[in-house]
Amino acid sequence: MGRGVSVLGFLAGRYLLGLGRRTHVAAVSAISFGAMALGAAALVLTLALLEGFQATIRAQLAEAGVHAELRPRAGRVLPGGDWIAQLRARHPELEVRASSGGAVWCLGGDGAVPAELEAVDTMSRVEVNRVLAARLGIGAGSELTIASPKLVLTPLGPMPMRRRVVVDAVSPMRPDDDRAVVLVPTRIGAALLDLGAPRTVALRAKDPAQAWRVASVVQAEIPKGVEVVSFAELNRPLLAALTLERVMIGFGVALVMAVAALNLLCNLALLAAEKRADVALLTAIGLPASRVRRLFILLGLGVGALGGVLGTLLGGAGAWILDRTHALPLPRGVFIVSHVPFRVTPGAVALVLGVSIAAALLASLAPARAASRRDVLEGLRYE
Amino acid sequence: MSDELVIARGVRKGYGAGERRVEVLRGLDLAVERGEMLAVVGPSGVGKSTLLHLIGLLDRPDAGELLVFGSDTSRLSVEERARWRNRRIGFVFQFHALLPEFTLEENVAMPLLIAGEPRRTALAAAAELIASVGLDHRRGHFPDELSGGEQQRGAVARALVASPELLLADEPTGNLDAANAEILFGAFEELHLSRGLTSVIVTHNEALASRCGRTLRLSGADVEVACSRT
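Residues numbered from 1 in each chain as written. Chains lettered and ligands numbered in written order. Predicted model: local features only at pLDDT ≥ 70, side-chain atom pairs only at ≥ 80, totals over all residues. Heavy atoms only, no water.

## Regarding the overall build of chain A
Helices and strands together make up the secondary structure of chain A, namely 12 helices and 10 strands. Over its C-alpha trace chain A gives a radius of gyration of 33 Å, far above what one expects of a compact globule, namely 21 Å for 383 residues. For chain A, the C-alpha atoms occupy an extent of roughly 115 × 45 × 30 Å along the three principal directions. Residues counted as buried form 46% of the 383 residues belonging to chain A. (Helix = DSSP H or I, 4+ residues; strand = E, 2+ residues; numbered from the N terminus. Rg over C-alpha atoms; globule rule 2.2 N^0.38 Å. Buried < 20%, exposed > 50% of the residue type's maximum accessible area, 1.4 Å probe, protein only.)

## Re the interface of chain B and chain A
Listed by partner, the interface residues are 29 residues for chain B and 29 residues for chain A. In total, chain B and chain A occlude about 2,800 Å² of area from one another, counting both sides; carbon and sulfur atoms represent 65% of this. At the junction of chain B with chain A, the criterion picks out two salt bridges. Arg14 of chain A is paired through a salt bridge with Glu106 of chain B; the nearest N and O atoms lie 2.6 Å apart. Across the contact surface, chain B and chain A share seven residue pairs in polar contact (both at pLDDT 80 or more). Counting only elements with at least two residues in the side of chain B that touches chain A, the list comes to α2 (78–87) and α3 (104–115) of chain B. Here the side of chain B that touches chain A takes six residues from α3 of chain B, the largest share from any one element. Classifying every residue of the side of chain B that touches chain A gives 16 nonpolar, five polar and eight charged. (Contact = heavy atoms within 4.5 Å. Buried area = accessible area lost by both parts, 1.4 Å probe. Salt bridge = Lys/Arg side-chain N within 4 Å of Asp/Glu carboxyl O. Polar contact = N/O pair within 3.5 Å; in protein donor to acceptor, adjacent residues only side chain to side chain. Nonpolar A, V, L, I, M, F, W, Y, C, P; charged D, E, K, R; others polar.)

## Concerning helix α9 (residues 276–284) of chain A
Residues and elements named next belong to chain A. The element α9 is extensively covered by neighbouring structure, given that nine of its nine residues are classed as buried. Burial in α9 covers these residues: Arg276, Ala277, Asp278, Val279, Ala280, Leu281, Leu282, Thr283 and Ala284. Positive phi shows up at Gly286, right after α9, with a value of about 115°.

## Some details on the domain arrangement of chain A
Taken domain by domain, chain A holds domain 1 (2–61 + 238–381) and domain 2 (79–198). Centre-to-centre, using C-alpha coordinates, domain 1 of chain A lies 57 Å away from domain 2 of chain A. (Domains from an automatic or database assignment.)

## Here we look at the nonpolar core
With 118 residues, the main nonpolar core has Leu11, Leu282 and Phe296 of chain A together with Met110, Leu166 and Phe188 of chain B as its most contacted residues. When residues no more than four places from it in sequence are discounted, the contact partners of Phe188 of chain B are Met37, Val92, Val156, Leu167, Ala169, Pro172 and Ile201 of chain B. (Core = buried A, V, L, I, M, F, W, Y, C linked by side-chain atoms within 4.5 Å.)

## Here's the deal with the environment of Arg88 of chain B
Residue and element names in this part refer to chain B. Inspection of the secondary structure assignment puts Arg88 in the loop between α2 and β6 (89–92). Sequence-wise, Arg88 and Leu193 are 105 residues apart; in three dimensions their C-alpha atoms are separated by 17 Å. The residues contacting Arg88, other than those within four sequence positions of it, are Phe69, Arg83, Pro164, Glu165 and Leu166.

## Remarks on the packing of aromatic side chains
Scanning the model with the defined rule gives six aromatic pairs over all chains in all. Ring centres 4.9 Å apart and planes at 80° place the aromatic pair Trp212 of chain A and Phe231 of chain A in the edge-to-face group. Here Trp212 of chain A is found in the loop between β9 (200–205) and α6 (214–218), whereas its partner Phe231 of chain A is found in helix α7 (residues 231–234), with 19 residues between them in sequence. On the basis of relative accessibility, which here comes to 44%, the residue Trp212 of chain A falls in the partly exposed class. Among the aromatic side chains, those forming a connected cluster through ring pairs are Phe10 and Tyr15 of chain A together with Phe102 of chain B. Its end group placed over the ring of Phe69 of chain B, Arg88 of chain B keeps NZ or CZ at 4.1 Å from the ring centre. Geometry around Trp84 of chain B places Arg88 of chain B over its ring, the cationic atom sitting 4.8 Å from the centre. (Phe/Tyr/Trp six-rings, centres within 6.5 Å; stacked < 30°, edge-to-face > 60°. Lys NZ or Arg CZ within 6 Å of the ring centre and 35° of its normal.)

## With respect to the sheet that holds strand β2 (residues 22–33) of chain B
Strand pairing in a sheet relies on backbone hydrogen bonds, with the paired strands running either antiparallel or parallel. Residue and element names in this part refer to chain B. What the four strands build is an open sheet, ordered β2-β1-β4-β5; its pairing is antiparallel. The sheet terminates laterally at β2 and β5 (71–72), the two strands that pair on one side only. Running over the sheet, helix α1 (residues 48–55) touches β1 (4–15), β2 and β4 (63–68) and is turned about 55° from β2. (Pairing = 2+ DSSP bridges. Axes fitted to C-alpha atoms, helices over the stretch in contact; angles between N-to-C directions.)

## Regarding the layout of surface pockets
All names here are of chain A. Volume-wise, the largest pocket comes out at about 720 Å³. In terms of lining residues, the largest pocket is bounded by 28 residues, among which Ala64, Val66, Glu118, Arg179 and Leu183 are the most central. Elements with a contribution of two residues or more to the lining of the largest pocket: α2 (23–64), β1 (68–72), β2 (94–108), β3 (111–120), β4 (127–129), β8 (181–185) and β9. (1 Å grid on protein atoms, 1.4 Å probe; cavity = no way out; pocket = protein on both sides within 12 Å on 5 of 7 lines; lining within 4 Å. Points joined across faces, edges and corners; volume = space filled by probe spheres on them.)

## Section: the pairing of β6 of chain B
Residues and elements named next belong to chain B. Judged by which residues are buried, β6 turns out to be covered on both faces: Ile89 and Phe91 on one side and Gly90 and Val92 on the other are all buried. Bridging between β6 and strand β7 (residues 166–170) involves four bridges; their strand directions are parallel. Opposite Gly90, over in β7, you have Leu167 as the bridge partner.

## Overview of the pattern of salt bridges
Side-chain pairing between opposite charges can occur once the charged atoms of the two side chains come close. Residue and element names in this part refer to chain B. What the rule picks out here adds up to 33 salt bridges over all chains. For Glu65, the salt bridge identified is with Arg9, shortest N-O distance 2.7 Å. Residue Glu65 is located in strand β4, and its partner Arg9 is located in strand β1; the two are separated by 56 residues in the primary sequence. For Arg9, a relative accessible area of 42% translates into the label partly exposed. For Arg214, the salt bridge identified is with Glu36, shortest N-O distance 2.2 Å. Remark: Glu36 occurs in the loop between β2 and β3 (37–41) and Arg214 occurs in strand β9 (residues 214–217); sequence separation between them is 178 residues. Both residues of the pair, Arg214 and Glu36, count as buried. Among the charged side chains, a network of salt bridges with common partners joins Lys13, Arg21, Glu23, Asp59 and Asp62.

## Points about empty space enclosed by the protein
Enumeration over the complete set of coordinates arrives at two cavities of 30 Å³ or more. Of the pockets and cavities examined, the largest cavity occupies roughly 70 Å³. Lining the largest cavity are Ile285 of chain A together with Arg85, Asn86, Ile89, Gly90, Phe91, Pro111, Arg158, Ala159, Val161, Ala162 and Pro164 of chain B. Going through the elements one at a time, α2, β6 and α5 (148–160) of chain B are the ones with two or more residues in the lining of the largest cavity. The greatest single-element share of the lining of the largest cavity, amounting to three residues, is contributed by β6 of chain B. Taken together, the residues of the lining of the largest cavity break down into eight nonpolar, two polar and two charged.

Written out as structure tokens, the structure reads:
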């Protein structure tokens, strides 16, 4: 095998380099090489762009959202006891928030909007999320009136119970969450609503990078009747959409590779026709048909795989430079990032190299088969 | 071991099918002895090259028996035929003497490289053969830098680099002027003798054919073979 490859490598290398002034073969090969390199570079850049945006979105999800949620199983309520306190004590790396609540109206500078009140046992201040802040035109330091469905008797008759609070902070939110939420300490919540037992327990790792592990960390420690909803499950629709986006756009751009592979196929067929006399001579002096086939596959792989490697390097370098130099700025306030982010992952590099090699191999098979089956005597007579 | 390197018995070969079929060889009987230099002459289309291709294991007879090196060629696998062409048979063709992308030295070394010899060994053997055909000063040249005669001498060197027992040449002087044809044929004669080869040379050149040990004349007649010892 090694010896066979060495003479085939010698032949293929010389044909591709175009020594002996047969530069048109080398020129045709260079065109195929360039096409494969361009296709690979386009695919790497696209995957890097998608990964850059999606990594930003995932990071924001982890930064702003809940990393796991403990809910009662269907038809039950969260059990009593001190298991929540024990969970908190055993996992100082986690923020454990038991919350309950209900629907309220929030009145601010721009009017009134329906919102969800969440009374959180660990909170000592009032927060609103960005949706509520935007709808009411309020921010940290603003006054907010929360009106509950509970009625109180006033000289003017029954009126909704109200509580005026000062907003301490505007909390971040998940990108796909459009609910208006006000978070208050339990004592405020209890004054406005009949809270009862906690409805959910939200878990957050203090290090957002650990968001994906939180569910598995606490899984074995929760009482019966409670289910753990992981970070991935909480964000399933968005994460599925991101995956679908990556697959579809990656597939679309991979069609560039398919076009490049078709170009390679045409050029190899041309090369096989151009070299029919040479192949006949090589066969006559002892090169078996099986090795003629391997020679043309090697030529295809030489062009395709090397083009793929070069394109991957160029695409990767381009993505790195664009990301580091913030060369593509985005309007502030419209996007969550200030520039177009690029992120090249080892998986994307492996994928592009694999696609390049597979495309080159597939493109080489038909010309290689044709070259190995061509009539030797006809080739020798060909002048 | 038999003294007959090639034996043909009732060998038939034709091309095409139906009404357009042309029978080229019709029951050829032939024996080529070890060490013999046989010239094959005859008008175009009578099957000189076809005979050479059959002996050289590049084609198969339609009928009859053809033994080369004592073996029935119909029983050889594709791989064995390729191996024998590489190691035991040397070819010189009228066209495409050399591969254009390779230097003369690389062209001559090609059969050894195909056989799996290390590059250094193959190139050393090639250099020796190139010197023996008087082209030592042209070793590193590409074919388009060589004259037609030099290219054919290079082809002879390539045919012999793997030390074959049988040398087959298909009109090797067909594209050469008289002077170059003479130089090339001189090289043939010298290498044939010095290497103890068995040679079969197809040619239209009666003068050169007459210098071979025996001449096989092919014609279009039913009884095609006329052998004469010169």
